[in-house]
Amino acid sequence: MNSAEQTITVEIATKIDEYLRETMLAIDEEAFGPGSLNEWSLPPFLHYGRVYVARYNGTPVGIAELMRDWRDPELAYLYGAAVAKEYQGYGIGTAMLRAILEGLPRSGFRRLQLTVHPENQIAIHIYQDKFRMRKVDFMKDYYGPGEDRWLFEWTWDG
Ligand SMILES: CC(C)(COP(=O)(O)OP(=O)(O)OC[C@H]1O[C@@H](n2cnc3c(N)ncnc32)[C@H](O)[C@@H]1OP(=O)(O)O)[C@@H](O)C(=O)NCCC(=O)NCCS
């Protein structure tokens, strides 16, 4: 198939069926292993946070979750973003992030923060080079000894 025939869509997931639930959890598990969403943490994200699903020609292949900061309601936190391995490199992660960022101002957000592993070159390329996010902190041992993370921030310029 040539690229003109590929369709990437991004939607907000609220009520999900069993197939979508299992697919979302499988994508996240493949990406984050023990740190992934599971059957206990996905429902509160769906009901109290915001969950995005990216589809490639209709097939769910990406998932991302947002929280609102308790201390600063204009700040959103991207808890996680993942694309199924066999669909990586097709622009799906970029499309998902673009949809997330475009929707933030409508919901009253002016900023978004996220953490990323210092060696995650692909994610850092997307955040920094494609969406002009800034490194605002290096958080040593953020997820425990040896689990350092960069804190990135996006600011709405509207
Ligand atoms: C990060 C992730 C969501 C990106 O999704 P994706 O659909 O593969 O991303 P895209 O196809 O939109 O873009 C990938 C970009 O990385 C670039 N890239 C690929 N390999 C790269 C490398 N080794 N170093 C730097 N950039 C690289 C691609 O060229 C592309 O950029 P371009 O559009 O400027 O050419 C996906 O890799 C993933 O799920 N990773 C595991 C989970 C994760 O790390 N999540 C992010 C941290 S929360």
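The written sequence of each chain sets the order in which its residues are numbered from 1. Where local features are concerned, this predicted model is filtered to residues with pLDDT of at least 70; where side-chain atom pairs are given and counted, the filter is 80 or more; whole-chain, interface and lining totals use all residues. Where side-chain values are given, they derive from all heavy atoms of the structure, hydrogens and water being excluded.

- An unreviewed UniProt entry annotates the chain as Ribosomal-protein-alanine N-acetyltransferase of Hydrogenispora ethanolica.

1. Re the pattern of salt bridges
Phase 1 of the analysis: Definition used for salt bridges: Asp or Glu carboxyl oxygen within 4 Å of a side-chain nitrogen of Lys or Arg. Taken as a whole and assessed by the stated rule, the structure comprises nine salt bridges.
Phase 2 of the analysis: The shortest N-O distance in the salt bridge between K140 and D148 comes to 3.8 Å.
Phase 3 of the analysis: In this scheme, a residue with accessible area under 20% of its type's maximum is buried, one over 50% is exposed, and one in between is partly exposed, where area comes from a 1.4 Å probe on protein chains only. Given the relative accessible area of 57%, K140 is considered exposed.
Phase 4 of the analysis: Judged by its relative accessible area of 15%, D148 falls in the buried class.
Phase 5 of the analysis: Each member of the salt-bridge network shares a partner with another, and the members are D72, R111, R134 and E153.

2. What to know about the pairing of strand 3 (residues 59-68)
Phase 1 of the analysis: Strand 3 sits mainly inside the fold: seven of its 10 residues count as buried.
Phase 2 of the analysis: At least two bridges found by DSSP between two strands are what make those strands a pair. Secondary structure follows DSSP: runs of H or I at least 4 residues long count as helices, runs of E at least 2 residues long count as strands, and numbering of each begins at the N terminus. One ladder, built from seven bridges, connects strand 2 (residues 50-56) with strand 3; its direction is antiparallel. Its bridge partner lying in strand 3, R50 is registered against L66.
Phase 3 of the analysis: Connecting the antiparallel pair strand 2 and strand 3 is a turn made up of two residues, with N57 showing a positive phi of about 50 degrees.

3. A few points about helix 3 (residues 92-103)
Phase 1 of the analysis: The terminal C-alpha atoms of helix 3 lie 17 Å apart, and with 12 residues this matches the ideal 16 Å at 1.5 Å per residue to within 8%.
Phase 2 of the analysis: Those residues of helix 3 that sit buried are I92, T94, A95, M96, L97, I100, L101 and G103. In this analysis, the expected span of each helix is defined as 1.5 Å times one less than the number of residues it contains.

4. Considerations on the nonpolar core
Phase 1 of the analysis: One finds L78, L112, Y127 and M133 to be the most contacted residues of the largest nonpolar core, which totals 27 residues.
Phase 2 of the analysis: For this core, the elements supplying multiple residues, two or more each, are strand 2, strand 3, strand 4 (75-83), helix 3, strand 5 (111-116), helix 4 (121-130) and strand 7 (149-155).
Phase 3 of the analysis: By residue number, the principal contributor to this core is helix 3, which donates five residues.
Phase 4 of the analysis: Two residues form a contact once any of their heavy atoms are found within 4.5 Å. In contact with M133, other than residues within four places in its own chain, are L97, L101, L112, L114, Y127, Q128, F152, E153 and W154.
Phase 5 of the analysis: We define a nonpolar core as any set of buried Ala, Val, Leu, Ile, Met, Phe, Trp, Tyr and Cys residues linked to one another through side-chain atoms lying within 4.5 Å. M24, F45, V53 and I63 belong to the second-largest nonpolar core, a separate cluster that totals 14 residues.

5. Some words on the sheet that holds strand 5
Phase 1 of the analysis: Pairing is mixed across the open sheet formed by seven strands, whose spatial order is 1-2-3-4-5-7-6. Both edges of this open sheet fall to strand 1 (8-13) and strand 6 (134-139), since each of them pairs with a single strand only. Recorded for the sheet is a direction-independent mean angle of 25 degrees between the axes of neighbouring strands.
Phase 2 of the analysis: Along the sheet, helix 1 (residues 18-32) makes contact with strand 1, strand 2, strand 3 and strand 4, crossing strand 3 at roughly 75 degrees. Geometry is summarised by axes, namely lines fitted to C-alpha atoms with helices restricted to the contacting stretch, and by angles between N-to-C directions that run from 0 to 180 degrees.

6. Brief notes about the environment of T115
Phase 1 of the analysis: Position of T115 among the secondary structure elements: in strand 5.
Phase 2 of the analysis: In contact with T115, other than residues within four places in its own chain, are Y77, M139, Y142, Y143, R149, W150 and L151.
Phase 3 of the analysis: Among the polar contacts made by the side chain of T115, one reaches the side chain of Y77 at a distance of 3.3 Å.
Phase 4 of the analysis: We define a polar contact as two N or O atoms separated by no more than 3.5 Å, with the added condition that, inside protein, one atom must be a possible hydrogen donor and the other a possible acceptor, whereas residues neighbouring each other in sequence contribute only through side-chain atom pairs. A polar contact of 3.2 Å, which involves the side chain of T115, links it to the side chain of Y143.

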